[in-house]
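# Fold and geometry: a report
Given next are the chains, with one letter for each unit.
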Amino acid sequence: MDTTIARPPVATETEWQAAHDELLVKEKELTRARDTLAAERRRLPMVPISKDYVFEGPEGETDLPGLFDGRNQLILYHFMLTPGDDPCVGCSYFTDYVGPLEHLHDRDISMVLVSLAPVAELESVKKRMGWDIPWYSSGGGDFNRDFGRTTDRGETFGLSVFLRDGDDVFRTYFTEGRGVEAVNLMDLTPYGRQQEWEDSPEGWPQGPTYGAGKLHDEYGPTPSAPSAS
């Protein structure tokens with residue numbers, strides 16, 4: 001081991017256990033605080049999106065309801081990539097950590113990336129990075145500017161969450177900066193993880209806490225999502 005690199009102090013097993021137990025108290029407090037915050041997030045009001053937006057993907061043009069791919073909740077990451085530019089390193093880190101989408105799909109959640117760059121550039125980066133997440137171009141409209149991602153200071157990133165009721169779309173949540181770090185994506189959606197331990201409003205979909213998840217290749221085809229109404 002390189003002795004020039006600083007290391008934690010050496011302790012006995014008893015000393016380590018005592019320090020660990022003290023830290024564990026604080027970690028449990030943080031977990032409970034995070035759960036409380038997620039419960040408040042599920043009770044946020046929502047705002048209707050009345051403007052028609054057009055996005056372009058590999059299969060052609062679609063609208064905002066089309067990004068849901070038949071599901072009722074949508075997580076949309078505003079990925080910083082303008083025409084002819086290199087992809088944002090921070091946005092790439094975030095996308096690397098998303099993982100298989102089947103876990104989200106099983107909870108009626110779709111997820112997409114949206115950038116200003118044209119589809120050909122998005123597909124090139126997607127292939128290079130080995131990502132499976134759907135990626136759409138918003139370069140032909142006002143979506144980025146309307147949602148505050150294009151400003152006089154340039155482009156920036158963020159994460160928006162939407163709920164669909166038929167063809168009606170509502171924005172339920174938004175975060176940016178360090179708010180996108182180390183999050184359980186399901187906790188950002190209006191219905192959360194949909195497990196019975198969660199503090200959710202009456203009538204929210206919930207099921208068993210344990211045994212609800214699967215390996216991502218065990219879900220099979222996702223059935224068509226029912227209307228949220």
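What comes next is a walk through the structure. Quick caveat, the model's predicted, so the values are computed rather than measured. (Residues numbered from 1 in each chain as written. Predicted model: local features only at pLDDT ≥ 70, side-chain atom pairs only at ≥ 80, totals over all residues. Heavy atoms only, no water.)

### Re empty space enclosed by the protein
- Counted under the stated rule, the structure contains one cavity of 30 Å³ or more.
- Its boundaries defined by the atoms lining it, the largest cavity holds a volume of some 40 Å³.
- For the largest cavity, the full set of lining residues is H78, F79, M80, L81, T82, L116, N144, E155 and T156.
- Tallied by class, residues from the lining of the largest cavity come to four nonpolar, four polar and one charged. (1 Å grid on protein atoms, 1.4 Å probe; cavity = no way out; pocket = protein on both sides within 12 Å on 5 of 7 lines; lining within 4 Å. Points joined across faces, edges and corners; volume = space filled by probe spheres on them. Nonpolar A, V, L, I, M, F, W, Y, C, P; charged D, E, K, R; others polar.)

### Quick look at the nonpolar core
- In terms of nonpolar packing, the biggest core is built from 26 residues, with Y77, F79, F94, M111, W135, L159 and L185 touching the most fellow members.
- For this core, the secondary structure elements donating two or more residues are β4 (73-78), α2 (89-96), β5 (109-115), α4 (119-129) and β9 (158-165).
- Sorting elements by how many residues they give to this core places β5 first, with three residues.
- Ignoring sequence-local partners within four residues, the contact set of F94 consists of Y77, M111, L159, V180 and L185.
- Core analysis: the second largest hydrophobic core is formed by 14 residues, L67, V112, F143 and F147 among them. (Core = buried A, V, L, I, M, F, W, Y, C linked by side-chain atoms within 4.5 Å. Buried < 20%, exposed > 50% of the residue type's maximum accessible area, 1.4 Å probe, protein only. Helix = DSSP H or I, 4+ residues; strand = E, 2+ residues; numbered from the N terminus. Contact = heavy atoms within 4.5 Å.)

### Section: the pattern of salt bridges
- Applying the stated criterion across every chain, the model contains seven salt bridges.
- The salt bridge involving D146 is made with K51; its shortest N-O contact spans 2.8 Å. Separated by 95 residues along the polypeptide, D146 in helix α5 (residues 143-146) and K51 in the loop between β1 (47-48) and β2 (54-57) bring together distant segments of the chain.
- Since its relative accessible area comes to 39%, D146 is described here as partly exposed. (Salt bridge = Lys/Arg side-chain N within 4 Å of Asp/Glu carboxyl O.)

### What about a nonpolar patch on the surface?
- Among the surface-exposed residues, V89, Y93 and Y97 lie close enough to one another that they form a single nonpolar patch of about 430 Å² accessible area.
- Checked against the element boundaries, Y97 lands in the loop between α2 and α3 (102-105).
- Take Y97: its relative accessible area is 74%, and that puts it in the exposed class. (Patch = residues over 30% accessible without salt bridge, like charges linked within 9 Å, V, L, I, M, F, W, Y side chains within 5 Å. Areas by Shrake-Rupley, 256 points an atom, 1.4 Å probe, with all protein chains shown as cover.)

### Describing the state of the cysteines
- Evaluated as defined, the whole model comprises zero disulfides.
- The structure places no disulfide on C88, whose sulfur is separated from the nearest cysteine sulfur, that of C91, by 3.2 Å.
- For C88, a relative accessible area of 17% corresponds to the buried category.
- Note on C91: relative accessible area 0%, which makes it buried. (Disulfide = S-S within 2.5 Å.)

### Describing the pairing of strand β3 (residues 60-63)
- Examined bridge by bridge, β2 and β3 share four bridges and lie antiparallel to one another. The residue bridging G57 from the neighbouring strand is G60, located in β3.
- Joining the antiparallel neighbours β2 and β3 is a turn of two residues. (Pairing = 2+ DSSP bridges.)

### Considerations on the packing of aromatic side chains
- Enumeration over the complete set of coordinates arrives at 11 aromatic pairs.
- Ring centres of Y77 and F79 lie 6.3 Å apart, and the angle between their planes is 80 degrees; on these two criteria the pair is classed as edge-to-face. Taken as a pair, Y77 and F79 share a single burial class, namely buried.
- The ring of Y173 carries the charged tip of R41 above its face, separated from the ring centre by 4.8 Å. (Phe/Tyr/Trp six-rings, centres within 6.5 Å; stacked < 30°, edge-to-face > 60°. Lys NZ or Arg CZ within 6 Å of the ring centre and 35° of its normal.)

### Some details on the pairing of strand β10 (residues 168-175)
- Within β10, six of the eight residues are buried, which leaves the element mostly enclosed by the surrounding structure.
- Of the pairings in the sheet, the one linking β1 to β10 comprises two bridges and is antiparallel in character. Following the sheet pairing, P48 is matched in β10 by F170.
- In textbook terms, the turn of a hairpin is the stretch between consecutive antiparallel strands, and for β9 and β10 this stretch comprises two residues, one of which, G166, has a positive phi near 65 degrees.

### Some thoughts on the side chain of T95
- As for its placement among the helices and strands, T95 is situated in helix α2.
- When its relative accessible area of 4% is taken as the criterion, T95 is described as buried.
- Among the polar contacts made by the side chain of T95, one reaches the main-chain carbonyl oxygen of C91 at a distance of 2.9 Å.
- Once residues within four sequence positions are removed from consideration, T95 is found in contact with F79, L113, W131 and I133. (Polar contact = N/O pair within 3.5 Å; in protein donor to acceptor, adjacent residues only side chain to side chain.)

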